Every structure is written in structure tokens, then in C-alpha cells.
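For reference, the chains in residue letters:
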Amino acid sequence: MLRYLFGDDLHDHPKLRDSMFRDRATQFRDRLGWDVTVDEDGFERDQYDDLEPLYVIWERADGSHGGSARFLPTTGRTMTEEHFADIADISTLKSPFIWECTRFCLAPQAEPRVAGLLMLGGGELMRGFHLDHFLGVFDARMIRIYRMIGSSPEVLGTSGAGRDAISVGLWTYTDADRELVLDRAGVSSALSEHWFGEAFGERALMPMSA
Amino acid sequence: MAQRLERFLEELEQATSLEDLQAQIAALREIYKVDHIVYHWVSSDGEQYGCGTYSREWAQIYVERDYLRIDPVVLGCFQRFHPVDWKRLDWSSKAARSFQKEALAHGVGNQGYSIPIRGPNGQFALFTLSHSCQDAEWDAFTDRNRRDLILIAHVFNQKGLEFEKRRIPEAAKNLSPREIDAMTFLAMGYSRAQVANTLSISEHTLRAYIESARFKLGALNTTHAVARAMAQGLIVVGITGPDANGGWPGKLADRRAS
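The structure presented is a predicted model; accordingly, all values stated were derived computationally and were not measured.

Scoring rules and cut-offs
Residues numbered from 1 in each chain as written. Chains lettered and ligands numbered in written order. Predicted model: local features only at pLDDT ≥ 70, side-chain atom pairs only at ≥ 80, totals over all residues. Helix = DSSP H or I, 4+ residues; strand = E, 2+ residues; numbered from the N terminus. Rg over C-alpha atoms; globule rule 2.2 N^0.38 Å. Buried ≥ 20, exposed ≤ 12 C-beta atoms within 10 Å, placed from the backbone. Contact = placed C-beta atoms within 7 Å. Pairing = 2+ DSSP bridges. Axes fitted to C-alpha atoms, helices over the stretch in contact; angles between N-to-C directions. Parallel < 35°, antiparallel > 145°, perpendicular 65-115°, else oblique. Left-handed = near helix turned anticlockwise from the far one by under 90°. Nonpolar A, V, L, I, M, F, W, Y, C, P; charged D, E, K, R; others polar. pLDDT = per-residue confidence, 0-100. Domains from an automatic or database assignment.

**Side note on the overall build of chain A**
Then step 1. A count of helical and extended segments in chain A gives 6 helices and 7 strands.
Then step 2. Scanning chain A from its N terminus toward the C terminus, one meets helices and strands in the order β-α-β-β-α-β-α-β-α-β-β-α-α.
Then step 3. At 17 Å, chain A has a C-alpha radius of gyration in line with the 17 Å of a compact globule built from 210 residues.
Then step 4. For the C-alpha atoms alone, the extent of chain A along its principal axes is close to 55 × 35 × 35 Å.
Then step 5. Expressed as a percentage of the 210 residues in chain A, the buried residues total 45%.
Then step 6. For chain A, the share of sequence-separated contacts (at least 6 apart) that also reach a separation of at least 24 residues comes to 66%.

**Let's talk about the sheet that holds strand β5 (residues 133-139) of chain A**
Then step 1. Spatial strand order, β1-β2-β3-β4-β5-β7-β6 (chain A): 7 strands in an open sheet with mixed pairing. Taken across any chain shown, the strands that pair with only one partner, and hence form the sheet edges, are β1 (2-6) and β6 (154-159) of chain A. Here the average twist between neighbouring strands, direction ignored, is 20°.
Then step 2. In this sheet, strand β4 (residues 98-106) of chain A lies alongside strand β3 (residues 65-73) of chain A in antiparallel orientation, the contact comprising 6 bridges. Bridge pairing links Pro73 of chain A to Trp99 of chain A in β4 of chain A.
Then step 3. Most of the contacts of helix α9 (residues 203-217) of chain B go to strand β7 (residues 166-172) of chain A, to which it runs at about 85°, and overall it touches β4, β5, β6 and β7 of chain A.

**Section: the packing of helix α7 (residues 177-187) of chain B against helix α8 (residues 192-199) of chain B**
All names here are of chain B.
Then step 1. Taken N-terminus to C-terminus, the directions of α7 and α8 make an angle of 140°; their axes are 10 Å apart at the nearest point. Viewed along their axes, α7 and α8 adopt a mutual orientation that is oblique. Of the two possible hands of crossing, α7 and α8 adopt the one that is right-handed. Residues Arg178, Asp181, Ala182, Phe185 and Leu186 of α7 form the contact with α8, whose own contacting residues are Val195, Thr198 and Leu199.
Then step 2. For the contact of α7 with α8, the class distribution of residues is 5 nonpolar, 1 polar and 2 charged.

**Focus on the interface of chain A and chain B**
Then step 1. Taken together, the contacts link 32 residues of chain A with 31 residues of chain B.
Then step 2. At the level of elements, β6 and β7 of chain A are the ones that each hand at least two residues to the side of chain A that touches chain B.
Then step 3. Classifying every residue of the side of chain A that touches chain B by side-chain character gives 15 nonpolar, 10 polar and 7 charged.

**Digging into the confidence of the model for chain B**
Residues and elements named next belong to chain B.
Then step 1. Mean pLDDT for chain B: 87, with 88% of residues reaching 70 or above.
Then step 2. Every residue in residues 252-258 scores below 50 in pLDDT, and together they form 5 contacts with partners more than four places removed in sequence or on other chains.
Then step 3. This prediction of the complex comes with two scores: 0.90 for pTM and 0.89 for ipTM.

**Digging into the pairing of β3 of chain A**
Residue and element names in this part refer to chain A.
Then step 1. Across the 9 residues of β3, 9 count as buried, placing the element largely inside the fold.
Then step 2. In the sheet, strand β2 (residues 54-59) pairs with β3 via 6 bridges, with the strands oriented antiparallel. Of the residues in β3, the one forming a bridge with Leu54 is Phe71.
Then step 3. Counting the residues in the hairpin turn of β2 and β3 gives 5 residues, including Gly63, whose phi is positive at 85°.

**Some thoughts on the environment of Leu191 of chain A**
Then step 1. Tracing the chain through its elements places Leu191 of chain A in helix α6 (residues 189-200).
Then step 2. The class for Leu191 of chain A is partly exposed, based on 15 C-beta atoms found within 10 Å.

**Focus: the domain arrangement of chain B**
Where interface size is given, it is often the accessible area lost as the parts come together that is meant.
Residue and element names in this part refer to chain B.
Then step 1. Split into domains, chain B comes out as domain 1 (2-162) and domain 2 (177-257).
Then step 2. Listing elements by their share of the side of domain 1 that touches domain 2, those giving two or more residues are α1 (2-14) and α6 (135-162).
Then step 3. Split into classes, the residues belonging to the side of domain 1 that touches domain 2 amount to 5 nonpolar, no polar and 3 charged.

This is the structure in C-alpha cells:
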């Protein structure tokens, strides 16, 4: 299922948490060769994981990590502002309606639809919280995958070349993308809304009558 | 409504004390015609402040009984960054239910909408509106006013930060060169399509620059943002058309820097 977990929720899901940070080490250090820090447990964690971000995580049937992305509001500290100021002028974008998306990660041997599921989760955040944009940092080779999912960012700058290329881009919320992303993710709108509701309390409306 | 809110934001900008904030929050309650508005924050060095329209009695009980520890609104918003309708929170525990009953008895209202804000260095704030009404009415109210309320909450928080001791100056108002360009062309009467074209960016990206400038300027909409940018001297307009060198106000980087 698609889970929406804040940093302080992770301790309730140790298997999911640990496999996510391990898979991130595999993707960002081993596969992409990024200069990331991996601790003695094999977890790739950085200072932004300590800021209680919101994670969108695809949880496999066995409770392990299938893919994930990390979100922070641009009103606070962000990786884009602190590390990618030289890439594009957008690094100083600030608004409660613009969130940063980083560490888009797919587990080794993830099914093709997992990227679509993560995009779907991002879209649900935009829809549910009335966001206008995501500002994203990603491996330049992801651009092709995003395009295939039907949710292409506008690439605003790239640093490095070839294997080392890292891009900064902007996603804008449009209703039109949703159908295609649902199709790529292979789930119904109702199921996706249910998962979102599970996380943010849509299901248990408390009667508030005085 | 929009004009009253613009005037309110101008006055909030001038606030220099907690008393001023208290007066502003009472004024805002009149504008929105809700039962209560409360703003409270925990500074980066752990000090707590608050202002708002709850009765003195309820505020006192809240502090004395340490309700911060059981209030589902605080528990549900701490470490979060999305606005929360009180209906979505977990009121199921016995402590929460009895707290709710007491809050209702003190006129807090059966509906609430809380906007959590994360400031720098662990600063945290909560901006809350509460009211007594049916669900449908409250949903319509929050839907209609969400964007303005989120902005106002953040402007309040900028003020809260100003009152902090050992405050690190915020660079929030520093518009980026592209944001200044966008504001300048809009002020000159260019359409969004023309601005995007002139800056060689897509209209989507332009929207992000405008949204960011609006937020940094504490403005309700684009027109308000342009007016504020001009009033604060961040953009200069008035010389229409390109100058002898083919540049125009806001266009040349060296002018901006000077």
C-alpha cells in the first residue's frame, strides 16, 4: 500500500524504515555514485531526514520498502536552497504551496509501476493539500522515467554531466495528469483516495456536534 | 473582504509588541466572523508565547492543567506541516474526550482549523480558528478562505520570530532576481504570457516565481504583491519602454545589485 509517513511515524514501521534507508544507499551510493553518507547499519540518511519530513512510501506485501520520496515545505530549510543554489534561481522559491521533493528512490527490482505509484502519491499530496508545485532534485536519468509515467517536471537546471548529472525541476499540479498516472500506477482512484484517507484521517470523521 | 484583509496585513506588519499582535488577532476575528482565533508558538530556545481570543479563564485552565500534553490539536499538528481540520484528528481517548467537553463549555467551538508552521531552528507555531457551526458550513468556510488563512498564519509567524531573543535575521523578503523580474514586468502591465515569454520560462514556472514572491511579500494575491513590492522599493516602475541601452527597470542585473 501507499503510505504517507512523517519522520516521527517511522518508528512504528521499523521494517519499512530500515529497508527504505538501505535501498536509498543502494540507489544513491551504489548505483548512482552520489556523494552520500551511509552509516554503519547501511542506512543512507542525511540532515534533511532529521527535519521530520513527510515520506511517501510504497510498502510491499511483506512490509518492506518498494520505493519512496521525501517531502519538505519550502518555507523551512530545504536541500534545494542549501545545496543547489548554483543550479537555478528557483532554489530560493518559498511558499507553503511549494514543497520540495527529494530522494526519489526505487527498490532494486521494483516493479515498473512503483514509480507511477510514487508519482500518484505526490499528486495526492498536491490535491489533498492544495499545493501548486513540487520543487525536485533528481538524477537526470529519471527525466525519461517521469515522462513515461506521464508526470514530467520542467527541468530548470542540471549540474554535472552523464552519470553525475543532477537536475532540479518543477512539477505543477494539473488535473489532467491524474488519469494517466493512475493508469501507470495500476490502481483505482478510489483505492488511492482510501490510502490518503488512512494517513490523514479522512476515514474517521469525528462528530463534532456541540 | 480582500480590501479589509489587505489593510489588516499592513497593520500587522507594523506590530511591534505582543499587545499589538493581540489587537490584530482580535481584529482578524471580526473580519472572519468566527468565534476564536489563536496563535501560539514555541521559540527556538523553548520559550512559549501566545495571543488570541479565548477567554482568559480557559487560557489559564489550559496552562495550569498542562493541556498541551493531551490536546489532540497540538498532538496532531506538532512535527507536521499541513493544515488540519479538527474533525480529522483523533479525539477517541478518554482524556481527549473530556478535554473536548471542557473546551466546548468554555466556548472554544465545535469546529476548528489549525495551521502548523515550522520556523527556523526548531521554532514551531500553530495558528488556529475555531467556531460553532455545522460541518457543511465550516467546510465551506475553510475551503473559501484556506489560501488567505495559510498566508496570514505565516505573516503572523514572521512577527513571532521578530519578537524572539537572539533572533537570526530572516532573509524572507529577499526576492530572487527572477522574482523581481516577474514582479517588475507584471507591474508594467505585461500579461503572464508576455512575462513568461520575455523571461524565456514557461507559464508554469512563472507561476512558481509569482507564488514565491507573493509569499515573501506577505501578499494576498498577485496585484497585492506587485503593490507591496513597489511600496517597499523592491521594484522600480515608471520609466516605460527600453532605455538607450536596450534595458529597462529590473532587467539589468547590475542595476538590481546597486
